[in-house]
Amino acid sequence: MIPEIQAGLERGVLTLTISRADKKNALTNDMYGALADAIENASTDASVRVVLIQADGDSFTAGNDIGEFAAQATGNAPKERHVVRFLHSLANATVPIVAAVQGKAVGVGTTMLLHCDYVVLADDAQLITPFVNLALVPEAASSYLLPLRIGHARAFEMFSLGDPLPADTAVAWGIANRTVPGDQLRAEGRRIAEKIATKPSGSLTAMKRLMREAEKLVAQMDAESSTFVERLRSAEAKEAFAAFVQKRQPDFSRIAKQ
Ligand code: COA
């Protein structure tokens, strides 16, 4: 493990804590790698019955590290993009996954929730999918899963406008199970995870397999990923990343319509 991803196993629950609070838990390639290792191992480790994902600080995660996006845009991609392995590990996971989410859950912070089996939100949680604002496309099979979950109209609105979705709306739309006051989030995530861990794990695994089409999800992720990598290198994306670094609004008006 690395300091930015803490892992602890207790009473059958593997808790993974994203811990890079000073950068709003933005996810780096190494962090994706550590998460992928843990989720892949959880499916074969007999002592892990449930995975619980939580995060330190005031935000669940600000999504992919934008500095790393910008590096990829200029051809400095890491040798192995662990994000791909992380997303595949979510699609192929056979253990139930619970998430406890506070503050902002941006990009993959929201799309990973579509692979979780039980999502508890602090009442200050906001789900944000700014892929189009960054001139990218949705990932993590969310271009398939989000419209399926909440309908095309709402999914298009979330993806294209990138406005924050409040926690109570996320519950009303079926993206999450419930909200709790922020100071109860950790305890509630743990309570649910431990409750699920007492259930017969063979039955849970078989049910999860029946409820999710892992192969279809992986195929969708791979299709998204090739478009995503093309978009990363686009003039529009370069402008979006430069604007983030320079703390200004992007100006796409001078980039010709494609
Ligand atoms: N990648 C890299 N660094 C990030 C980051 C990201 N995705 N999100 C936040 N940070 C860094 C900021 O650069 C800042 O670093 P600094 O203190 O060295 O300047 C620090 O985290 C705090 O962020 P800040 O923007 O000051 O906090 P905020 O509370 O005002 O806003 C967010 C929080 C999440 C709304 C805002 O940081 C944001 O929009 N981040 C980008 C989210 C995004 O588009 N992610 C990609 C999704 S595909």
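The coordinates are above.
Residues numbered from 1 in each chain as written. Predicted model: local features only at pLDDT ≥ 70, side-chain atom pairs only at ≥ 80, totals over all residues. Heavy atoms only, no water.

Participant: I'm lost on the overall build of the chain in this one. Help?
Facilitator: Helix and strand counts for the chain stand at 11 helices and nine strands. In terms of overall size, the chain behaves like a compact globule, its C-alpha atoms giving a radius of gyration of 18 Å where 258 residues would be expected to give roughly 18 Å. Structurally, the chain occupies a C-alpha span of about 60 × 40 × 35 Å along its principal axes. Looking at the chain as a whole, 50% of its 258 residues are labelled buried. (Helix = DSSP H or I, 4+ residues; strand = E, 2+ residues; numbered from the N terminus. Rg over C-alpha atoms; globule rule 2.2 N^0.38 Å. Buried < 20%, exposed > 50% of the residue type's maximum accessible area, 1.4 Å probe, protein only.)

Participant: Would you mind showing me how to read the sheet that holds strand 5 (residues 104-106) here?
Facilitator: Strand pairing in a sheet is mediated by backbone hydrogen bonds. Such pairs are either parallel or antiparallel. Pairing is mixed across the open sheet formed by three strands, whose spatial order is 5-7-8. Looking at the sheet topology across the chains shown, the edges are occupied by strand 5 and strand 8 (165-166). Across two bridges, the pairing between strand 7 (residues 126-128) and strand 8 is antiparallel. Of the residues in strand 8, the one forming a bridge with Gln126 is Pro166. (Pairing = 2+ DSSP bridges.)

Participant: Help me understand the site of the ligand, please; the structure alone is not making it clear to me.
Facilitator: Near the ligand you find 17 residues, and of these Lys23, Lys24, Ala62, Asn64 and Ile66 are the closest. Within the side chain of Lys23, one N or O atom sits 2.5 Å away from an oxygen atom of the ligand. For the ligand, a nitrogen atom lies 3.0 Å from a polar atom in the backbone of Asn64. Across the complex, the protein chains shield 65% of the 870 Å² of accessible surface that the ligand would expose by itself. (Near = heavy atom within 4 Å. Polar contact = N/O pair within 3.5 Å; in protein donor to acceptor, adjacent residues only side chain to side chain. Areas by Shrake-Rupley, 256 points an atom, 1.4 Å probe, with all protein chains shown as cover.)

Participant: Where do I start with the pattern of salt bridges in this structure?
Facilitator: Counted by the stated rule, this structure contains 15 salt bridges. Where Asp56 meets Arg186, a salt bridge forms, and the shortest distance between an N and an O atom there is 2.9 Å. Placement of the pair is Asp56 in the loop between strand 3 (50-55) and helix 2 (66-73) and Arg186 in helix 8 (residues 185-197), with a sequence separation of 130 residues. We classify Asp56 as partly exposed; its relative accessible area is 24%. Measuring nitrogen to oxygen at the nearest pair gives 2.8 Å for the salt bridge that ties Arg248 to Glu239. Given a relative accessible area of 35%, Arg248 falls into the partly exposed group. Counted as one network, the salt bridges with shared partners bring together Glu10, Arg11, Arg190 and Glu194. (Salt bridge = Lys/Arg side-chain N within 4 Å of Asp/Glu carboxyl O.)

Participant: Would you mind showing me how to read empty space enclosed by the protein here?
Facilitator: All told, the structure shown has one cavity of 30 Å³ or more when counted by the stated rule. Of the voids in this model, the largest cavity is the one considered here, and its volume is about 60 Å³. Lining the largest cavity are Asn29, Tyr32, Asn64, Glu68, Gln72, Pro78, Arg81 and Val83. Among the elements of the structure, helix 1 (29-44) and helix 2 are those that each provide at least two residues to the lining of the largest cavity. Residues belonging to the lining of the largest cavity are distributed by class as follows: three nonpolar, three polar and two charged. (1 Å grid on protein atoms, 1.4 Å probe; cavity = no way out; pocket = protein on both sides within 12 Å on 5 of 7 lines; lining within 4 Å. Points joined across faces, edges and corners; volume = space filled by probe spheres on them. Nonpolar A, V, L, I, M, F, W, Y, C, P; charged D, E, K, R; others polar.)

Participant: How do you make sense of unusual backbone geometry when you look at a structure like this?
Facilitator: Among all residues save glycine, negative phi is the norm, and among peptide bonds the norm is trans. Residue Lys24 is not a glycine yet carries a positive backbone phi of 55°. Checked against the element boundaries, Lys24 lands in the loop between strand 2 (13-18) and helix 1. A positive phi is found at Asn25, a non-glycine position, where the angle reads about 60°. Within the element layout of this structure, Asn25 appears in the loop between strand 2 and helix 1. For Asn25, a relative accessible area of 0% gives the class buried.

Participant: Looking at this structure, how should I read helix 9 (residues 201-211)?
Facilitator: All of the buried residues in helix 9 are Leu204, Thr205 and Lys208. In a view along the axis of helix 9, the buried residues occupy a sector of 95°, so they form one face of it. Opposite the buried face of helix 9, by more than 90 degrees, sit the exposed residues Arg209 and Leu210. The inward-facing, buried residues of helix 9 abut strand 4 (97-101) and helix 8. (Arc of directions from axis to C-beta. Contact = heavy atoms within 4.5 Å.)

Participant: Can you walk me through the pairing of strand 1 (residues 5-10) in this structure?
Facilitator: Each regular strand shows side chains that alternate between the opposite faces of the sheet. Bridge count between strand 1 and strand 2: six bridges; the pairing is antiparallel. Considered in strand 2, the bridge of Ala7 is made with Leu16. Hairpin connection between strand 1 and strand 2: a loop of two residues separates the two successive antiparallel strands, and Arg11 in this loop has a positive phi of roughly 50°.

Geometric descriptors of this kind do not, in isolation, establish any biological role.
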